[in-house]
Amino acid sequence: MDISALQARLRQFAADRDWTPYQTPKNLAMAMIVEAAELVEHFQWMTPEQSQQAGQDSDLQGRIADEIADVLIYLVQIADHTGIDIDRAVERKIGKNALKYPAP
């Protein structure tokens, strides 16, 4: 996935609908949390074992995929609006986690 191309596509999508004034980091973060809650809702009453099998039900898998896409879209937009390079941020965080949680 080309994150920069996705950000440009999402910027244009928002501009075409006159949503740009509403695309603030605060609003996008709040929307992302709503979508994350909708993702969690699919797993809410499942056992851990049932959740591991969720991808085997094509209808459920599609609904989960939609929510994952919504969360990712908002996350990508937040990074775009705050000038954060996602690739660099992920690499940096993985490095920090490796130091904090070394393998045995």
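Residues numbered from 1 in each chain as written. Predicted model: local features only at pLDDT ≥ 70, side-chain atom pairs only at ≥ 80, totals over all residues. Heavy atoms only, no water.

The chain appears in an unreviewed UniProt entry as NTP pyrophosphatase, house-cleaning of non-canonical NTPs from Thiomonas bhubaneswarensis.

(A) A look at the overall build of the chain. Counting its secondary structure elements, the chain contains five helices and zero strands. Mapped from its N terminus to its C terminus, the chain presents α and β elements in the order α-α-α-α-α. The C-alpha atoms of the chain give a radius of gyration of 17 Å, which is well past the 13 Å a tight globule of 104 residues would have. In the chain, which comprises 104 residues, the share counted as buried stands at 18%. (Helix = DSSP H or I, 4+ residues; strand = E, 2+ residues; numbered from the N terminus. Rg over C-alpha atoms; globule rule 2.2 N^0.38 Å. Buried < 20%, exposed > 50% of the residue type's maximum accessible area, 1.4 Å probe, protein only.)

(B) The packing of helix H1 (residues 3-16) against helix H4 (residues 58-82), seen in detail. It is the contact of H1 with H4, at a shortest axis distance of 10 Å, that shows an interaxial angle of 95°. Taken together, H1 and H4 sit at an angle that is classed as roughly perpendicular. Counting all contacts with H1, which are made through Ile3, Leu6, Gln7, Leu10 and Arg11, the residues of H4 involved are Ile73, Val76, Gln77, Ala79 and Asp80. (Axes fitted to C-alpha atoms, helices over the stretch in contact; angles between N-to-C directions. Parallel < 35°, antiparallel > 145°, perpendicular 65-115°, else oblique. Contact = heavy atoms within 4.5 Å.)

(C) Region of the structure containing H1. Between its first and last C-alpha, H1 extends 20 Å over 14 residues, near the 20 Å set by a 1.5 Å rise per residue. Within H1 the residues assigned to the buried category are Ile3, Leu6, Gln7, Leu10 and Ala14. Projected onto a plane normal to the axis of H1, the buried residues spread over an arc of 100° and lie on a single side. Exposed side of H1, more than 90 degrees from the buried face: Ser4, Arg9 and Asp16 are the residues found there. Structurally, the start of H1 carries an N-cap: the backbone nitrogen of serine 4 is 3.1 Å from a side-chain oxygen of aspartate 2. Just downstream of H1 lies aspartate 18, where phi reads positive at about 60°. (Expected span 1.5 Å × (residues − 1). Arc of directions from axis to C-beta. Polar contact = N/O pair within 3.5 Å; in protein donor to acceptor, adjacent residues only side chain to side chain.)

(D) Up close: the pattern of salt bridges. Within this structure, the stated rule accounts for three salt bridges. Across the salt bridge formed by arginine 88 and aspartate 85, the nearest N and O atoms sit 3.5 Å from each other. Its relative accessible area of 60% is what places arginine 88 among the exposed residues. (Salt bridge = Lys/Arg side-chain N within 4 Å of Asp/Glu carboxyl O.)

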